[in-house]
Amino acid sequence: MTPNEDNLLDVAPGLPHDSVLTETLAYVIGLVLALILTGVSFWVASTSAIWGPGVAMGLVVLAIAQMGVHLVFFLHITSGPDNTNNVLALAFGVLMVFLVMIGTIVIMNQMDANMATDPALMNLQMQH
Amino acid sequence: MTTEAATIGLTHGGSEDTGLGHRGPESKSIVVPYGFWLFVLSDMVLFSALFATYATLSHATDGGPTSNELFSRVLVAVETMALLLSSFTCGLAIIAAKRKHMLWTQGWLLVTGALGFIFLSIELYEFVKMASEGAPPQRSAFLSAFFTLVGCHGAHVTAGLLWIGTMMAQIWTKGFKDHIMRRLLCLSIFWHALDIIWVAIFTIVYLIGTLPA
């Protein structure tokens, strides 16, 4: 293994490589993309040009896209062989986050729907 | 690499790595940021529980103020801009630090900290304003969840600011030594992660929370 190859393997999350120009360029691209996505998010939230009930889902998609931009351009998570461990850890983290969030929201909504009683009846039960 | 080691386990032709740790542990410059990356991911799992709580309770206002009445999109836009730019300048500080350039490193770290401070000041102003307008954390389940989620992020930013100050002092007194650089790298991972969590907060809490009902 050449010293150069060795160097390529020594890349941890957040650690940039290459020259000053290309490294800075990566951050500038990331910043511009993040600014665009943030701007679009605020526009989508305030416009009436988009079907109302679809706006929330659109905003979530934009947020996930922006998180991806941050991961790639700021934290330098890549699909390269030097990044396998970082990507696997990230995948596990994302799995946990989705399990916790979607699981909670689905279950609590179901409970809420099934438990909903007439306010008068609820009041009666409370008195026992 | 001895021939004995090469015959064990998952050895591939041409590769010296047996996959059994025969090369020994990775260098500290790999292991330390990787461990910190695991911490940051577990921190995100913690935040996911707070997000789930907020999503469940966001309409439980108990007749009190709702998200539509409380949140100002203009303030949130300024906060978002401050934190995004600070994430950017934090990256520039790392680029300068890798070249062992003291003035640029300290300068960019200072800008990063200043932007973080602006973010935190706006957040505190918002909290105090809400509490004085009849929307303190104890008013409703929605407000409890809101202050816990956004306050937890604010506490992380506060810790990050202290860490930035510490790193500036350590770089100044000890120079760009290997262990100092590892700490600085962990700081940058932490700071970028805070911005990622903020993206989720401004989308779920502030933008979706202020959509016309």
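Residues numbered from 1 in each chain as written. Chains lettered and ligands numbered in written order. Predicted model: local features only at pLDDT ≥ 70, side-chain atom pairs only at ≥ 80, totals over all residues.

Across its full length, chain B holds seven helices and zero strands. Counting from the amino terminus, chain B carries its helices and strands in the arrangement α-α-α-α-α-α-α. (Helix = DSSP H or I, 4+ residues; strand = E, 2+ residues; numbered from the N terminus.)

This brings us to the interface of chain B and chain A. Facing the 39 residues of chain B at the interface are 38 residues of chain A. At the level of secondary structure, the elements contributing two or more residues to the side of chain B that touches chain A comprise α2 (28–57), α4 (73–98) and α7 (178–207) of chain B. Counting residues per element, the side of chain B that touches chain A draws most heavily on α2(B), which supplies 15 residues. (Contact = placed C-beta atoms within 7 Å.)

This brings us to the nonpolar core. Side chains of a nonpolar character, in soluble globular proteins, are inclined to be buried together. Residues and elements named next belong to chain B. In this structure, Ile189, Ile197, Ile201 and Val205 are the most contacted members of the largest nonpolar core, which totals 73 residues. The element contributing the most residues to this core is α7, with 20 residues. When neighbours within four sequence positions are excluded, Ile197 is seen to be in contact with Met44, Phe47 and His153. (Core = buried A, V, L, I, M, F, W, Y, C linked by C-beta atoms within 7 Å. Buried ≥ 20, exposed ≤ 12 C-beta atoms within 10 Å, placed from the backbone.)

Residues and elements named next belong to chain A. Taken as a whole, chain A shows an average pLDDT of 82; of its residues, 76% reach a score of 70 or greater. Here helix α1 (residues 3–9) stands out as the element of chain A with the lowest mean pLDDT, 46, in contrast to helix α3 (residues 55–74), whose mean of 94 is the highest. A low-confidence stretch, residues 1–9 (pLDDT under 50), is modelled with three contacts involving residues beyond four sequence positions or located in other chains. (pLDDT = per-residue confidence, 0-100.)

A word on the packing of helix α6 (residues 141–174) of chain B against α7(B). All names here are of chain B. Contact geometry for α6 and α7: axes closest at 10 Å, N-to-C directions at 155 degrees. In terms of orientation, α6 and α7 fall into the roughly antiparallel class. Viewed along their axes, α6 and α7 form a crossing whose handedness is left-handed. Here the residues of the contact of α6 with α7 sort into 18 nonpolar, four polar and two charged. (Axes fitted to C-alpha atoms, helices over the stretch in contact; angles between N-to-C directions. Parallel < 35°, antiparallel > 145°, perpendicular 65-115°, else oblique. Left-handed = near helix turned anticlockwise from the far one by under 90°. Nonpolar A, V, L, I, M, F, W, Y, C, P; charged D, E, K, R; others polar.)

Residue and element names in this part refer to chain B. Residue placement: Trp191 occurs in helix α7. Among the residues examined, Trp191 registers 28 C-beta atoms within 10 Å and is labelled buried. C-alpha separation for the pair Trp191 and Gly151, spaced 40 residues apart in sequence, amounts to 16 Å. Not counting chain neighbours up to four residues away, the residues in contact with Trp191 comprise Ser87, Cys90 and Gly160.

This paragraph deals with helix α5 (residues 102–132) of chain B. Two residues of an α-helix separated by three or four positions point the same way, owing to the 3.6 residues in each turn. Residues and elements named next belong to chain B. Over its 31 residues, α5 runs 44 Å from end to end, which matches the ideal 45 Å to within 8%, given 1.5 Å per residue. Along α5, the residues classified as buried are Thr105, Trp108, Leu109, Thr112, Gly113, Leu115, Gly116, Phe119 and Glu123. Packing partners of the buried residues in α5 comprise α4 and α6. (Expected span 1.5 Å × (residues − 1).)

All names here are of chain B. Compared with an ideal rise of 1.5 Å per residue, which puts 30 residues at 44 Å, α7 spans 42 Å between its outermost C-alpha atoms and is within 8% of the ideal. In α7, a bend of some 25 degrees at Ile201 exceeds every other bend along the element. Most of α7 is tucked away, with 24 of its 30 residues classed as buried. (Bend = angle between axes of the 7 residues up to and from the residue.)

Attention now moves to unusual backbone geometry. One non-glycine residue with positive phi stands out, namely A:His76, at about 55 degrees. Within the fold, A:His76 resides in the loop between α3 and α4 (84–115). Here B:Lys100, not a glycine, exhibits a phi torsion of approximately 55 degrees, which is positive. Summarising the element assignment, B:Lys100 is placed in the loop between α4 and α5. For B:Lys100, a count of 11 C-beta atoms within 10 Å corresponds to the exposed category.

As a further point, take the packing of α5(B) against α6(B). Residue and element names in this part refer to chain B. The N-to-C vectors of α5 and α6 enclose an angle of 160 degrees; their axes lie 10 Å apart at closest approach. In terms of orientation, α5 lies roughly antiparallel with respect to α6. At the point where α5 passes α6, the crossing takes the left-handed sense. Two secondary-structure elements touch here, α5 through Thr105, Gln106, Leu109, Thr112, Gly113, Gly116, Phe117, Phe119, Leu120 and Glu123 and α6 through Gly154, Val157, Thr158, Gly160, Leu161, Ile164, Gly165, Met167, Met168, Ile171 and Trp172. Taken together, the residues that form the contact of α5 with α6 break down as eleven nonpolar, nine polar and one charged.

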